[in-house]
Each structure stands twice: as structure tokens, then as C-alpha cells.
Amino acid sequence: MKFRSIFLFLSSAMFVIGISQSARAADVWVSPVHITRVYPQADGSVVLTVDNDNNSCTNASTPKYYQITVGQNGVTADGLKNMLATALAAFAMNKTVSINISDSTSSCFVNRLFVQ
């Protein structure tokens with residue numbers, strides 16, 4: 001009986017810890033901002049920097065790096081190409097954008113963006 005009580009307690013504790021860990025991650029809008037850099041990487045990913053960083057992005061770079069990477073935060077290869085084209089158009093026309101990121105890691109992976 002004692003073993004069962006300990007097992008139930010530990011199972012409950014692990015469940016609560018798991019819920020609280022996943023509850024911290026959220027989609028955050030970085031908006032409205034101007035893109036200041038579009039930085040293609042050798043691995044095919046793209047880094048964006050903006051004129052007004054969001055505190056939810058916790059990476060140490062200055063300015064903050066917002067990363068568009070295939071396989072991260074739901075991004076596909078076609079999605080990356082579309083976001084790169086959108087980011088370049090916004091940059092070239094000096095338009096503001098809204099960027100949706102995940103704050104679950106310090107990498108600030110982008111999921112989507114749109115020009116305003």
C-alpha cells in the first residue's frame with residue numbers, strides 16, 4: 001500500500017511539473033516592427049533582426065535574432081521561402097511587419113509573419 005501511495009504521489013508530481021513546463025511556452029507577436037537585417041545562413045535558415053526587440057525573446061544577441069528554420073515551430077521548406085520573400089519585400093519597402101515567435105527557447109523561432 002505504501003509503495004502505491006508513493007507511486008501515485010510521484011506520478012502526480014511529474015504530471016504537474018510537465019503541465020507547468022509546457023504552459024510556459026507561448027506564441028508571442030513582435031509587432032509592429034521594421035526589419036533591419038535579413039541574414040541567410042549556410043544551413044538554409046534565415047535570421048531577422050528588427051528595430052524594436054521583444055522581451056519575450058531571450059537570446060543574448062544585440063539586436064535579438066529571430067530565426068526562421070525548417071522543422072522549428074512548424075516551419076516547412078515552402079514556409080521558409082514564403083517568409084523570406086515577405087521579409088525581403090517588407091525590408092525593401094520599409095514596411096512594418098508583425099512576427100509570430102515561440103518563446104519556448106532562446107532561439108526565438110519564427111512561425112509566421114505579415115506585412116502591415
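Procedures and definitions
Residues numbered from 1 in each chain as written. Predicted model: local features only at pLDDT ≥ 70, side-chain atom pairs only at ≥ 80, totals over all residues. Heavy atoms only, no water. Helix = DSSP H or I, 4+ residues; strand = E, 2+ residues; numbered from the N terminus. Buried < 20%, exposed > 50% of the residue type's maximum accessible area, 1.4 Å probe, protein only. Contact = heavy atoms within 4.5 Å. Disulfide = S-S within 2.5 Å. Phe/Tyr/Trp six-rings, centres within 6.5 Å; stacked < 30°, edge-to-face > 60°.

Draft legend 1. Layout of the side chain of Asn100. With respect to the helices, strands and loops of the structure, Asn100 is situated in strand S4 (residues 96-102). A residue is classified by how much of its surface remains accessible, and Asn100, at 0% relative accessible area, is buried. Beyond its immediate chain neighbours, meaning those up to four positions away, Asn100 contacts Asp27, Val28, Trp29, Phe109, Val110, Asn111 and Arg112.

Draft legend 2. Broad picture of the state of the cysteines. Scanning the entire structure with this criterion turns up one disulfide. One disulfide in the model links Cys57 with Cys108; its S-S distance is 2.0 Å. Because the torsion about its S-S bond is 110°, the bridge between Cys57 and Cys108 counts as right-handed. Within this pair, whereas Cys57 is found in the loop between strand S2 (46-50) and strand S3 (66-68), its partner Cys108 is found in the loop between S4 and strand S5 (110-115), the two being separated by 51 residues in sequence. Look at Cys57 and you get buried, because its relative accessible area is 1%.

Draft legend 3. Expanded view of the packing of aromatic side chains. Scanning all chains against the criterion turns up two aromatic pairs. On the basis of an interplanar angle of 65° and a centroid distance of 5.7 Å, the ring pair of Trp29 and Phe114 is categorised as edge-to-face. One end of the pair, Trp29, is in strand S1 (residues 27-40); the other, Phe114, is in strand S5, and 85 residues separate them in sequence. According to the relative accessible area criterion, Trp29 is partly exposed, its value standing at 38%. Geometrically, the ring pair formed by Tyr39 and Tyr65 is edge-to-face, given 6.3 Å between the ring centres and 85° between the ring planes. Here Tyr65 lies in the loop between S2 and S3 and Tyr39 lies in strand S1, a separation of 26 residues in the sequence.

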